[in-house]
Amino acid sequence: MLDGFCRTIDYIRISVTDRCNLRCRYCMPPEGITCLPMHEILSYEETIHLCRIFAELGVRKVKITGGEPFVRRNVCHLIRAIKDIPGIDSVTITTNGILALQHLKELKAIGIDGINFSLDTLDPEIFRQITGTDALSDVLKATDAAAAIGIPNIKINCVPVQGSNTEDIPGIAAFAKNYPFHVRFIELMPIGYGKLGKGIAGDEILKKLTQDFGPLKEDVEIHGNGPARYVRIPGYKGSVGFIS
């Protein structure tokens, strides 16, 4: 398939639920949202059927998202089924990490092609302020365990917000030091509750990292399907990316 600009369409994102176990203040009101009833959400059977059609049309890569995909039961069953579809080369998942630990061994056995962890801070109190929970330790255990068992293509997604987590930028970037993680700083989108905060542009983050770590080298390798541009910090195993 080609779009109107003659770009190949071979990647699709599938939201398996609109439910989430966090209340990140740039995303959702503290009281939550009115979620769709289950009968209005695609069943796994319907999703698998659609993925077979997508594969016939040339889609090769699938990202499972939410909400938080792990709040939906048996999401690993869906991932396994999509992985088995002829023509599908890659299935990855984006998660906030809180429930991920209990699924990592199964994901490894299935052959998951990558996991994106959303992580905006390393400070437990700031984590609570941003997300409404005290679950930072669960996320960190999951990222460590994913690396330890050899999950490939691990990414850390951070949304810097002025006056909230800007001091954590160097610490988040340091995830790329000892592990081949791809750390991405994503500029806050001024939509919905994101209008209440002030994001930080990628160039500003790059300037801060250069001040902290010295000259950075452009990384021209392809690390996924998104629009991130990457750099390397000398001596680090992973890379640091920016999505503006």
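Our structure's up above, just so we're on the same page.
Below, the structure is looked at part by part.

## A look at the overall build of the protein
Looking only at helices and strands, the protein features eight helices and nine strands. Taking 244 residues into account, the globule formula puts the C-alpha radius of gyration at 18 Å, and the protein, at 18 Å, falls close to it. A total of 244 residues make up the protein; the buried ones form 45% of that total. Partitioning the intrachain contacts of the protein with sequence separation of at least 6 by distance along the chain shows that 70% fall at a separation of at least 24. Accessible surface computed for the protein: about 12,600 Å², of which carbon and sulfur atoms make up 54%. Averaging the locations of the 28 positively and 28 negatively charged side chains of the protein gives two centres separated by 2 Å.

## What about the nonpolar core?
Here is a general trend for soluble globular proteins: nonpolar side chains tend to be buried in one another's company. Core analysis: the biggest nonpolar cluster contains 58 residues, and Ile64 and Phe185 have the highest contact counts within it. Top element by residues in this core is helix 2 (residues 75–83). It accounts for six residues. Sequence-distant contacts of Phe185, defined by excluding residues within four places in its chain, comprise Cys158, Pro160, Ile169, Ile172, Ala173, Ile205, Leu209, Val240, Gly241, Phe242 and Ile243.

## Details of the pairing of strand 5 (residues 154–158)
For strand 5, the tally of buried residues reaches five of five residues, placing the bulk of the element in the interior. In strand 5, alternate side chains face the same way, and those of Ile154, Ile156 and Cys158 on one face and Lys155 and Asn157 on the other are all buried. Strand direction decides the pairing type here: strand 5 and strand 6 (residues 182–186), joined by four bridges, are parallel. The residue bridging Cys158 from the neighbouring strand is Phe185, located in strand 6.

## Describing the packing of aromatic side chains
Inspection of every chain in the model, using the stated rule, returns four aromatic pairs. Ring geometry for Tyr179 and Phe181: centres 5.0 Å apart, planes at 15 degrees, overall stacked. With a relative accessible area of 32%, Tyr179 lands in the partly exposed category. For Phe181, a relative accessible area of 2% puts it in the buried group. Pairing Phe185 with Phe242 gives two aromatic rings, centres 6.4 Å apart and planes at 25 degrees, and the pair type is stacked. Taken together, the residues span a long stretch of sequence, with Phe185 in strand 6 and Phe242 in strand 9 (residues 239–243) at a distance of 57 residues. Across the pair, Phe242 and Phe185 agree in class, each one buried. An aromatic cluster is built from Phe175, Tyr179 and Phe181, whose rings are joined through pairwise contacts.

## Brief notes about the sheet that holds strand 7 (residues 217–219)
Pairing within the open sheet is mixed, and its nine strands lie in the order 1-2-3-4-5-6-9-8-7. Because the sheet does not close on itself, it has two edges, and the strands there are strand 1 (11–15) and strand 7. Strand after strand, the sheet turns through a mean of 25 degrees between neighbouring axes, direction not considered. When strand 1 meets strand 2 (residues 61–65), the two strands line up parallel, connected through five bridges.

## Concerning the pattern of salt bridges
Close approach of charged atoms lets side chains of opposite charge pair. A full pass over the atoms with the stated rule returns six salt bridges. Note that Lys61 and Asp10 form a salt bridge whose closest N and O atoms lie 3.4 Å from each other. Taken together, the residues span a long stretch of sequence, with Lys61 in strand 2 and Asp10 in the segment before strand 1 at a distance of 51 residues. Overall, the relative accessible area of 23% leaves Lys61 in the partly exposed class.

## Section: the state of the cysteines
If you walk through the whole model with that rule in mind, you get zero disulfides. Cys24 takes part in no disulfide bond, and the closest cysteine sulfur, belonging to Cys20, lies 6.4 Å away.

Reading the values: the criteria
- Residues numbered from 1 in each chain as written.
- Predicted model: local features only at pLDDT ≥ 70, side-chain atom pairs only at ≥ 80, totals over all residues.
- Heavy atoms only, no water.
- Helix = DSSP H or I, 4+ residues; strand = E, 2+ residues; numbered from the N terminus.
- Rg over C-alpha atoms; globule rule 2.2 N^0.38 Å.
- Buried < 20%, exposed > 50% of the residue type's maximum accessible area, 1.4 Å probe, protein only.
- Contact = heavy atoms within 4.5 Å.
- Areas by Shrake-Rupley, 256 points an atom, 1.4 Å probe, with all protein chains shown as cover.
- Lys, Arg positive; Asp, Glu negative; His and termini not counted.
- Charge placed at Lys NZ, Arg CZ, Asp CG, Glu CD.
- Core = buried A, V, L, I, M, F, W, Y, C linked by side-chain atoms within 4.5 Å.
- Pairing = 2+ DSSP bridges.
- Phe/Tyr/Trp six-rings, centres within 6.5 Å; stacked < 30°, edge-to-face > 60°.
- Axes fitted to C-alpha atoms, helices over the stretch in contact; angles between N-to-C directions.
- Salt bridge = Lys/Arg side-chain N within 4 Å of Asp/Glu carboxyl O.
- Disulfide = S-S within 2.5 Å.

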